[in-house]
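Single-letter residue listing:
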Amino acid sequence: MIYLDNSASTKPYKEVIDVLVQTMEENYANADAIHDFSHKILLKVKRAKKIVADYLKVEADRIFFTAGGGDGNNLLLQGIINANSRVKKHLITTKIEHPSVYEIFRHYENAGFEVDYLDVDRDGFVNLQQLENMIRKDTILVSVGAVNSETGAIQDLEKISKIIRDKNRDTYFHTDFVQGFGCTNIKFDKIPVDAITVSGHKIHAPKGIGAIYVNKRVKITNVVFGSNAENGIVMRTMPTELILAFAKAVKILEKEDKKEMEHSQKIKKMLADKICEEITDVKLNSLLDLQKSSPKVLNISFRGTKGEVLTHFLGMYQIYVSTGSACSSKKGNSRILEVMGLTQSELDGAIRFSFSSENTEEQIDEVVKRLKESVERIRKMK
């Protein structure tokens, strides 16, 4: 099996699974209970917060655990909008956000808010001049994803943050960092961001766990109600085993991220180069520059094919790729690639390959061989 769909989900590390199992066996009490058993678990949860915070370079007491990226985006965005909507009704995001962000803004637009959607260029980068022109006195927040889930384009958060601060210091800045976690050199001690979302299953932790960061200055209200005080705005019983497993994955990331990025970049460039050499009529939708695009994402259009058909052909050889974000890949043309100006043929034939430390150079040779065979067969079928 060759797994090249790591942007959708990664294989959990063995050490992470061991922590998950051990916690379920030995630390199964509810962390909110008042006895000593629970108190010891709560201390471990607090250490987990610090691990996540230290990696992001933010304050540990402003980290809250969630059920994942989509959950985190909903908690943050709805919580911030609801808390600040009495006199302000203006929101800004981009046309290329993940559905768990984009659909929230669509919801509030339908509810009567004024929403502006930023354009991007052909490489998927936000129009910064347009952003500056859009920000108003009544702009509640701007949400721009750090790394695009389909193309890997890395937005310039530093410039975006400066534009927001210079234009309206009361406007909050949120970034969906799910695809950026462990895939970029971005740290938030230098970039003033008000809210951040991350997810565990993109960094070899289990599904169902993630975290959000909320700056102290942010006015936010609860979206989830309950009695859990320790986890702040996420008022529900903490999944201790998932939290500690997530923290273990972050600790590994802390040591291995640079090596993993270098490895993924090598694999990405190798695959891109070989495809361009071996297969005709293709278009790279991801940049190969490590400073501008995630080393773990490569999006390519094979003109004269259908991405879904090509995905199934590769699946017959146990090569697993995707046609885009797992949350939107079954909805026809990619909204993101469409906004970037791809032709219909390029939209139809787009495939996303995404990498991890598990992928090898030998696998890439096999992938290109099977890709070439599959593309030729599909084109002949037309």
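Residues numbered from 1 in each chain as written. Predicted model: local features only at pLDDT ≥ 70, side-chain atom pairs only at ≥ 80, totals over all residues. Heavy atoms only, no water.

- In the nomenclature of an unreviewed UniProt entry, the protein chain corresponds to Class V aminotransferase from the organism Leptotrichia shahii.
- Here is the UniProt Sequence similarities (unreviewed entry) comment for the protein chain, exactly as written: "Belongs to the class-V pyridoxal-phosphate-dependent aminotransferase family. NifS/IscS subfamily."
- Quoted verbatim from the Cofactor (unreviewed entry) field of the UniProt record, the comment on the protein chain reads "pyridoxal 5'-phosphate". (UniProt positions renumbered as here; feature names shortened; annotations may be inferred.)

## Describing the domain arrangement of the protein chain
Logical step 1: Split into domains, the protein chain comes out as domain 1 (2–8 + 257–381) and domain 2 (14–252).
Logical step 2: Using only C-alpha atoms to locate each centre, domain 1 and domain 2 end up separated by 28 Å.
Logical step 3: Residue-level contacts link 30 residues of domain 1 with 30 residues of domain 2.
Logical step 4: Taken over both partners, the interface formed by domain 1 and domain 2 buries close to 2,600 Å², and the fraction arising from carbon and sulfur atoms is 50%.
Logical step 5: Contact with domain 2 buries area across many residues of domain 1, yet R335, I336 and M340 alone supply 24% of it, more than any other trio.
Logical step 6: Summed over the shared surface of domain 1 and domain 2, the result is zero salt bridges. (Domains from an automatic or database assignment. Contact = heavy atoms within 4.5 Å. Buried area = accessible area lost by both parts, 1.4 Å probe. Salt bridge = Lys/Arg side-chain N within 4 Å of Asp/Glu carboxyl O.)

## Here's the deal with empty space enclosed by the protein
Logical step 1: Applying the stated criterion across every chain, the model contains one cavity of 30 Å³ or more.
Logical step 2: Empty space within the largest cavity amounts to approximately 100 Å³.
Logical step 3: Of the residues that constitute the lining of the largest cavity, the class distribution is five nonpolar, eight polar and two charged.
Logical step 4: Formed jointly, the lining of the largest cavity draws a minimum of three residues from each of two domains, domain 1 (2–8 + 257–381) and domain 2 (14–252). (1 Å grid on protein atoms, 1.4 Å probe; cavity = no way out; pocket = protein on both sides within 12 Å on 5 of 7 lines; lining within 4 Å. Points joined across faces, edges and corners; volume = space filled by probe spheres on them. Nonpolar A, V, L, I, M, F, W, Y, C, P; charged D, E, K, R; others polar.)

## Quick notes on the sheet that holds strand β5 (residues 139–143)
Logical step 1: On the basis of which strands lie adjacent, the open sheet formed by seven strands has the order β2-β8-β7-β6-β5-β3-β4 and mixed pairing. Only two strands of the sheet have a single neighbouring strand rather than two, namely β2 (63–66) and β4 (114–118). Ignoring which end each strand starts from, the neighbouring axes of this sheet average 20 degrees apart.
Logical step 2: Looking at chain direction, strand β3 (residues 90–94) and β4 are connected through five bridges and run parallel. For T93, the partnering residue across the bridge sits in β4 and is Y117.
Logical step 3: Along the sheet, helix α6 (residues 157–167) contacts β5 and β6 (172–176); its crossing angle with β6, the most-contacted strand, is approximately 160 degrees. (Pairing = 2+ DSSP bridges. Helix = DSSP H or I, 4+ residues; strand = E, 2+ residues; numbered from the N terminus. Axes fitted to C-alpha atoms, helices over the stretch in contact; angles between N-to-C directions.)

## Details of the sheet that holds strand β9 (residues 282–284)
Logical step 1: Read across the sheet, three strands follow the order β9-β10-β12 without closing on themselves; strand pairing throughout is antiparallel. For this open sheet the edge positions go to β9 and β12 (350–354), each flanked by a neighbour on one side alone. Taken pair by pair, the neighbouring strands of this sheet meet at an average axis angle of 25 degrees, ignoring direction.
Logical step 2: In this structure, strand β10 (residues 297–302) lies alongside β12, joined through five bridges in antiparallel fashion.

## Some points on the nonpolar core
Logical step 1: Counting 65 residues, the largest nonpolar core has L56, F65, F177, F181, F188 and F246 as the members making the most contacts within it.
Logical step 2: Among the elements that make up this core, the one with the highest residue count is helix α7 (residues 240–278) (ten residues).
Logical step 3: Both domain 1 (2–8 + 257–381) and domain 2 (14–252) contribute no fewer than three residues apiece to this core.
Logical step 4: Sequence-distant contacts of F65, that is, excluding residues within four places in its chain, are made with V45, A48, K49, V52, I209, G210, A211, N231, V234, I243 and F246. (Core = buried A, V, L, I, M, F, W, Y, C linked by side-chain atoms within 4.5 Å. Buried < 20%, exposed > 50% of the residue type's maximum accessible area, 1.4 Å probe, protein only.)

## Focus: the environment of S345
Logical step 1: In this fold, S345 is placed in helix α10 (residues 344–348).
Logical step 2: Exposure remark for S345: the relative accessible area of 30% places this residue in the partly exposed category.
Logical step 3: Separated by 173 residues in the primary sequence, S345 and Y172 place their C-alpha atoms 39 Å from one another.
Logical step 4: With sequence-adjacent residues up to four places away left out, S345 is seen in contact with R303 and G304.
Logical step 5: Here the side chain of S345 touches G304 through a polar contact of 3.4 Å, landing on its backbone nitrogen. (Polar contact = N/O pair within 3.5 Å; in protein donor to acceptor, adjacent residues only side chain to side chain.)

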